[in-house]
Amino acid sequence: MQIEVTSGELAAQDVDTIVVSVPEGSRRPGGAAGAINTASGGAINTMIASGAIRLSDGALTPVPVGDEIAARRAFVHGLGDRSKLTPRRTRSQAGALSRALRGVDAGSVAIAAQPDWLGSDLERGGQAIAEGFTLGLYRFDQHHTRSQDRPSGTVASLLIVERSERRAARVRAGVERGVIMGEAQNLTRDLANSPANLMTPTDMAARAQEIAEATGLECEIIEREEAERLGMGSYLSVAQGSDQPPKFIVLRYRGAPGRRSVALIGKGITFDSGGISIKPAGGMERMKADMSGAAAVLGAMQAIARLAPTINVTGIAPCTENLPNGSATKPGDVFYAMDGQSVEVINTDAEGRLVLADALGYARAHNCSPLIDVATLTGAMSIALGNVRAGVFANNDRLFRDLDRAGDEAGEPIWRFPLDDEYDNQIKSDVADIKNTGGRGAGSITAAKFLQRFAHDTPWAHFDIAGVMDNDRDRGEKVKGVAGTATRTLVEYVLARAG
Ligand code: BES
Ligand code: MN
Ligand code: ZN
């Protein structure tokens with residue numbers, strides 16, 4: 001879907017459908033809504049007065065079109081309480097509106113650039129609307145072979161109409177960024193929604209290579225033999241139970257030659273059966289999305305390459321399946337990570353931290369800083385925070401603060417968790433330097449403490465996105481299925497850091 005910004009009059013736009021957004025409490029709305037009211041012989045104001053048009057959050061009401069209006073159809077879109085409007089709410093409303101318009105088969109759409117909806121920062125407002133539409137219309141329907149299983153309506157294009165060209169230019173800059181952000185998250189969603197038989201580590205590597213070719217990133221795929229040479233025993237211990245070759249993906253963006261690179265690291269378990277510590281059958285299909293962290297890194301790297309900030313970023317995605325074949329890791333086995341630390345595997349289902357240990361080691365060996373990892377790491381995180389916020393751990397306050405801000409910008413709120421030294425007692429091993437599980441209590445924290453040992457003193461943050469991995473229904477810009485969480489937060493962080 002194409003999104004454009006133009007300056008001019010809404011009523012004059014040659015589109016199928018026009019939309020005017022109106023906050024609650026407006027009796028005689030001005031601007032584009034006023035113009036449409038006049039063109040329709042006062043119908044809008046009459047309908048508002050009679051209650052036939054509701055202006056509550058997300059209400060969409062068809063209104064008559066007069067002769068002076070080029071479009072076939074017109075709608076009034078309720079914005080709800082104007083004092084509650086924020087970029088986050090705008091994004092969410094735009095997402096819901098995009099689907100409502102698809103539901104009425106709106107075709108080509110023009111919408112007035114309502115000032116309350118855009119807010120005081122026109123770029124952020126434009127970005128929020130573009131993200132809302134790009135994300136809200138997303139469907140993963142490529143494997144539905146029958147057309148009746150796909151949505152029938154379309155929103156073919158969106159034109160945002162602003163009276164002044166000076167304001168339109170700022171909205172346009174935001175829209176351009178928002179489309180890149182939304183498309184990046186939709187890429188993440190496509191990768192993570194794909195079934196595990198069609199998104200193996202080999203498929204992930206091929207997709208990374210395609211992204212690199214299309215955007216000018218460098219792409220390196222580290223195969224099993226090279227990973228062995230590099231001493232990635234922790235990562236390879238997960239891969240040894242699968243017949244699929246593991247792929248350790250590295251994408252490099254160079255926008256500031258000579259400077260240290262930020263590392264974005266994503267857990268890339270393309271299917272997590274649990275291994276020998278096998279998971280129960282119920283709901284196991286969700287574990288096709290256990291590469292959501294890796295997918296978010298690939299999506300973020302695509303957006304970073306397209307936005308071209310002055311910074312270096314290394315995207316790292318250690319990919320493998322976690323399956324229990326005859327060569328699989330057994331509980332009690334000991335492996336050596338890239339940095340030389342020995343790890344006792346107590347539970348083969350705590351595999352994410354094992355692959356991330358070597359990804360952190362690789363990033364440190366390449367002098368990256370800070371290190372930011374994203375992982376569907378622990379079921380315990382969805383018990384703690386549910387489906388609203390991701391839990392974030394950091395060994396550096398400044399890094400956390402910057403990520404917190406980036407999460408707010410993206411509408412992906414996070415919450416900080418502790419890393420007290422005392423939790424280390426839970427992951428002390430009798431036979432190795434560390435063990436990969438820490439017992440019943442504080443499961444998300446002991447997982448993070450494990451990772452911290454491999455970050456050493458390098459500034460590091462860890463996103464546990466297990467709770468926000470997927471959505472059970474459509475809501476705002478979020479749609480049912482795998483969520484693509486953290487993609488835009490990572491990009492916002494990188495853009496802010498680049499300045
Ligand atoms: N991938 C899972 C965590 C997960 C669970 C993500 C549900 C999304 C939804 C992870 O590899 C795992 O299995 N973690 C174990 C750790 C335990 C064995 C210490 C868990 O959370 O049960
Ligand atoms: Mn697991
Ligand atoms: Zn897992």
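A short tour of the structure in this document, coming up. (Residues numbered from 1 in each chain as written. Chains lettered and ligands numbered in written order. Predicted model: local features only at pLDDT ≥ 70, side-chain atom pairs only at ≥ 80, totals over all residues. Heavy atoms only, no water.)

### Quick word on the sheet that holds strand β12 (residues 334-336)
On the basis of which strands lie adjacent, the open sheet formed by three strands has the order β12-β13-β17 and mixed pairing. Pairing within the sheet leaves two strands with one partner each, and these edge strands are β12 and β17 (434-435). Examined bridge by bridge, strand β13 (residues 342-344) and β17 share two bridges and lie parallel to one another. From the neighbouring strand, Val343 faces β17, where its bridge partner is Ile434. (Pairing = 2+ DSSP bridges. Helix = DSSP H or I, 4+ residues; strand = E, 2+ residues; numbered from the N terminus.)

### Overview of the site of ligand 1
Every one of the 16 residues lining ligand 1 counts as a neighbour, but Lys279, Asp290, Asp349, Glu351 and Gly379 are closest to it. For ligand 1, an oxygen atom lies 2.9 Å from a polar atom in the side chain of Asp272. Grouping the constituent residues of the shell around ligand 1 by class yields four nonpolar, five polar and seven charged. (Near = heavy atom within 4 Å. Polar contact = N/O pair within 3.5 Å; in protein donor to acceptor, adjacent residues only side chain to side chain. Nonpolar A, V, L, I, M, F, W, Y, C, P; charged D, E, K, R; others polar.)

### Section: the packing of helix α10 (residues 292-307) against helix α15 (residues 487-498)
For the pair α10 and α15, the least separation of the axes is 8 Å and the interaxial angle reads 40°. One way to sum up the angle between α10 and α15 is to call them oblique. As α10 packs across α15, the resulting crossing turns out to be right-handed. Across the interface between the two elements, Ala296, Val297, Gly299, Ala300, Ala303, Ile304 and Leu307 from α10 touch Thr487, Leu490, Val491, Val494 and Leu495 from α15. (Axes fitted to C-alpha atoms, helices over the stretch in contact; angles between N-to-C directions. Parallel < 35°, antiparallel > 145°, perpendicular 65-115°, else oblique. Left-handed = near helix turned anticlockwise from the far one by under 90°. Contact = heavy atoms within 4.5 Å.)

### Quick word on the coordination of the manganese ion (ligand 2)
The coordination sphere of the manganese ion (ligand 2), as far as protein atoms go, consists of Asp272 (OD), Asp349 (O), Asp349 (OD) and Glu351 (OE), spread over 2.0 to 2.2 Å. One can describe the site at the manganese ion (ligand 2) as irregular: its six donor atoms subtend angles covering 70 to 168° at the metal. Mapping the donors of the manganese ion (ligand 2) onto the primary sequence yields the spacing D-x76-D-x1-E. In this structure the zinc ion (ligand 3) is found 3.1 Å away from the manganese ion (ligand 2), and Asp272 serves as a bridging donor for the pair. You can see Asp272 sitting in strand β10 (residues 268-272) and its partner Glu351 sitting in the loop between β13 and α11 (352-365), a full 79 residues away along the chain. (Donors = N, O, S within 2.8 Å, 3.2 Å for Na, K, Ca; no water. Tetrahedral: all angles 85-135°; square planar, octahedral: opposite > 155°, others 65-115°.)

### A look at the nonpolar core
Within the largest apolar cluster, 61 residues are counted, with the highest numbers of intra-cluster contacts made by Ile249, Leu264, Met301 and Ile372. The dominant element in this core, judged by the number of residues it contributes, is α10, at nine residues. Those residues in contact with Met301 that sit more than four places away from it in its chain are Leu217, Leu251, Arg252, Tyr253, Leu264, Val313, Thr314 and Gly315. Core analysis: the next-biggest nonpolar cluster, separate from the first, contains 42 residues, Ala337, Ala357, Leu371 and Ala448 among them. (Core = buried A, V, L, I, M, F, W, Y, C linked by side-chain atoms within 4.5 Å. Buried < 20%, exposed > 50% of the residue type's maximum accessible area, 1.4 Å probe, protein only.)

### Description of the coordination of the zinc ion (ligand 3)
Around the zinc ion (ligand 3), the protein supplies Lys267 (NZ), Asp272 (OD), Asp290 (OD) and Glu351 (OE) as donor atoms, at distances of 2.0 to 2.4 Å. Each of the six donor atoms around the zinc ion (ligand 3) contributes to a set of angles spanning 78 to 174°, which defines the coordination as octahedral. The sequence pattern formed by the donor residues of the zinc ion (ligand 3) is K-x4-D-x17-D-x60-E.

### So, the sheet that holds strand β3 (residues 60-63)
One open sheet holds the six strands; their spatial order is β1-β6-β5-β2-β4-β3, and the pairing between them is mixed. Across the chains shown, the open sheet's two edge strands, defined by having one partner strand only, are β1 (2-7) and β3. Taking each pair of neighbouring strands and ignoring which way they run, the sheet shows an average axis angle of 25°. The pairing of strand β5 (residues 107-112) with strand β6 (residues 155-162) spans six bridges and is parallel. Counted as the bridge partner of Gly107 is Val155 from β6.

### Notes on the packing of aromatic side chains
Evaluation of the coordinates by the stated rule reveals four aromatic pairs. Geometrically, the ring pair formed by Phe450 and Phe454 is tilted, given 5.2 Å between the ring centres and 40° between the ring planes. Here Phe450 pairs with Phe454, and both are found in helix α14 (residues 443-455), just four residues apart, close to one helical turn. Comparing Phe450 with Phe454 shows no difference in burial state: the two are buried. Through successive ring pairs, a cluster of aromatic residues spans Tyr235, Phe248 and Tyr362. (Phe/Tyr/Trp six-rings, centres within 6.5 Å; stacked < 30°, edge-to-face > 60°.)

### What about the environment of Gly78?
Secondary-structure assignment places Gly78 in strand β4 (residues 73-78). For Gly78, the residues in contact, after removing those within four places along its chain, are Val22, Arg54, Leu55, Ser56, Asp57, Gly58 and Ala59.

### Some details on the pairing of strand β9 (residues 261-266)
Here β9 lies mainly inside the structure; six of its six residues are buried. Burial of the side chains of β9 extends over both faces: Ser261, Ala263 and Ile265 are buried on one face and Val262, Leu264 and Gly266 on the other. With five bridges connecting them, β9 and strand β11 (residues 312-322) associate as parallel partners. In the sheet register, Ile265 faces β11, and the bridge partner there is Ile316. When β9 meets strand β14 (residues 371-375), the two strands line up parallel, connected through four bridges. Its bridge partner lying in β14, Leu264 is registered against Ile372.

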